[in-house]
Amino acid sequence: LANNMTSAAATYQAFNDVARNTNYDFEAVYAMGKQLISIGYSAKNAAEMIQLCADYAAGVGRDVSGAEQLVETLSKVVAVGKVGEDELEQLQLAGIDLNAVFEPMGISGAEAMQALQDGTIDSQQAIDALVSYLHKFDGKMAESKNNIIDQWGDVTGNISTACGEIGASIADAFMKS
């Protein structure tokens, strides 16, 4: 039970950190995190993926729904374990510019779709290209949330985290006694 509580506290902390680093409410971050954990991500990796998607969404002017759509699409790609034409089309619907994703490989999005079909490139190469592209937006969420409302949200998020940690410490002490 103590390990479960420690794990739950670590998961809460990871997702709360993302919520504070974005302009998303905790419930939205938690829902995205649950989706990623259900396909095998650790809480830490799920939090990193959510932050990556949030940075991308902020960088292209999309809100939380853009990040949610991207997390959902990436979850499907990871769950299936391959990237094909359907997955690339879903990424396009999530706002991903496939031409920009595959430009470093010297091919267009359409050429990448064909290359995936004929085996010229594999799914891992496509995923690596996508992740590299998404990292171009690192820090965009931080840039977009520099306003007083978000700073107040950080204060309340910090208070919430402190209360959660105090509660976890009390529960841990109780479990040890």
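Read on for a plain summary of the structure.

Cut-off values and rules
Residues numbered from 1 in each chain as written. Predicted model: local features only at pLDDT ≥ 70, side-chain atom pairs only at ≥ 80, totals over all residues. Heavy atoms only, no water. Helix = DSSP H or I, 4+ residues; strand = E, 2+ residues; numbered from the N terminus. Buried < 20%, exposed > 50% of the residue type's maximum accessible area, 1.4 Å probe, protein only. Contact = heavy atoms within 4.5 Å. Areas by Shrake-Rupley, 256 points an atom, 1.4 Å probe, with all protein chains shown as cover. Phe/Tyr/Trp six-rings, centres within 6.5 Å; stacked < 30°, edge-to-face > 60°. Axes fitted to C-alpha atoms, helices over the stretch in contact; angles between N-to-C directions. Parallel < 35°, antiparallel > 145°, perpendicular 65-115°, else oblique. Left-handed = near helix turned anticlockwise from the far one by under 90°. Core = buried A, V, L, I, M, F, W, Y, C linked by side-chain atoms within 4.5 Å. Salt bridge = Lys/Arg side-chain N within 4 Å of Asp/Glu carboxyl O. Nonpolar A, V, L, I, M, F, W, Y, C, P; charged D, E, K, R; others polar.

## With respect to the overall build of the protein
Helix and strand counts for the protein come out as 10 helices and zero strands. Counted from the first residue to the last, the protein has its helices and strands arranged as α-α-α-α-α-α-α-α-α-α. The burial tally for the protein puts 36% of its 177 residues in the buried class. Considering only contacts in the protein between residues 6 or more positions apart, those separated by 24 or more positions represent 63%. Just so you have it, the protein exposes about 9700 Å², and 55% of that area is on carbon and sulfur atoms.

## What about the packing of aromatic side chains?
In this structure the tally under the stated criterion is six aromatic pairs. Between the aromatic rings of Tyr 12 and Phe 26, the centroid separation amounts to 5.1 Å while the plane-to-plane angle is 50°, which identifies the pairing as tilted. In this pair, Tyr 12 sits in helix α1 (residues 2–21) while Phe 26 sits in helix α2 (residues 26–37), placing the two residues 14 residues apart along the sequence. Judged by centre distance (5.4 Å) and plane angle (75°), the ring pair of Tyr 133 and Phe 137 falls under edge-to-face.

## Notes on the packing of helix α3 (residues 43–59) against helix α4 (residues 64–80)
α4 packs onto α3 with a crossing angle of 130° between their chain directions and a minimal axis gap of 8 Å. The angle between the axes of α3 and α4 places the two elements in the oblique class. The element α3 and its partner α4 pack so that their crossing is right-handed. Across from Met 49, Cys 53, Ala 54, Tyr 56 and Ala 57 in α3, the residues of α4 making contact are Gly 66, Ala 67, Leu 70, Val 71 and Leu 74.

## Let's talk about the nonpolar core
With 44 residues, the main nonpolar core has Leu 70, Ile 96, Phe 102 and Leu 134 as its most contacted residues. Listing elements by their share of this core, those giving two or more residues are α1, α2, α3, α4, α5 (85–93), α6 (98–102), α7 (109–118) and α8 (123–134). A per-element tally of this core places α3 first, with nine residues. Once residues within four sequence positions are removed from consideration, Phe 102 is found in contact with Leu 88, Ile 107, Ser 108, Gly 109, Ala 112, Ile 121, Ala 126 and Ala 129.

## Here's the deal with the pattern of salt bridges
For the structure shown, the criterion picks out four salt bridges. We note a salt bridge from Lys 44 to Glu 48, for which the minimum N-O separation is 2.8 Å. Pair noted here: Lys 44 and Glu 48 are both in helix α3, with a separation of four residues, about one helical turn. The exposure class of Glu 48 is partly exposed, given its relative accessible area of 43%.

## Description of the environment of Ile 37
By the secondary structure assignment, Ile 37 is in helix α2. As for Ile 37 and Ala 47, which are separated by 10 residues in sequence, their C-alpha atoms are 9.7 Å apart. In contact with Ile 37, other than residues within four places in its own chain, are Thr 11, Phe 15, Ser 42, Ala 43 and Ala 46.

## A word on the side chain of Ser 123
Checked against the element boundaries, Ser 123 lands in helix α8. With relative accessibility at 17%, the residue Ser 123 sits in the buried group. Each residue touching Ser 123, except ones within four places of it in the same chain, is listed here: Gly 81, Lys 82, Val 83 and Leu 116.

## Focus on the packing of α2 against α3
Interhelical geometry of α2 versus α3 gives an angle of 125° and a closest axis separation of 9 Å. The pairing of α2 with α3 is recorded here as oblique in orientation. Relative to α3, α2 is oriented so that their crossing is right-handed. From α2, Val 29, Met 32, Gly 33, Leu 36 and Ile 37 reach across to α3, where they touch Ala 43, Ala 46, Met 49 and Ile 50. Each residue belonging to the contact of α2 with α3 can be placed in one class, and the counts come to eight nonpolar, one polar and no charged.

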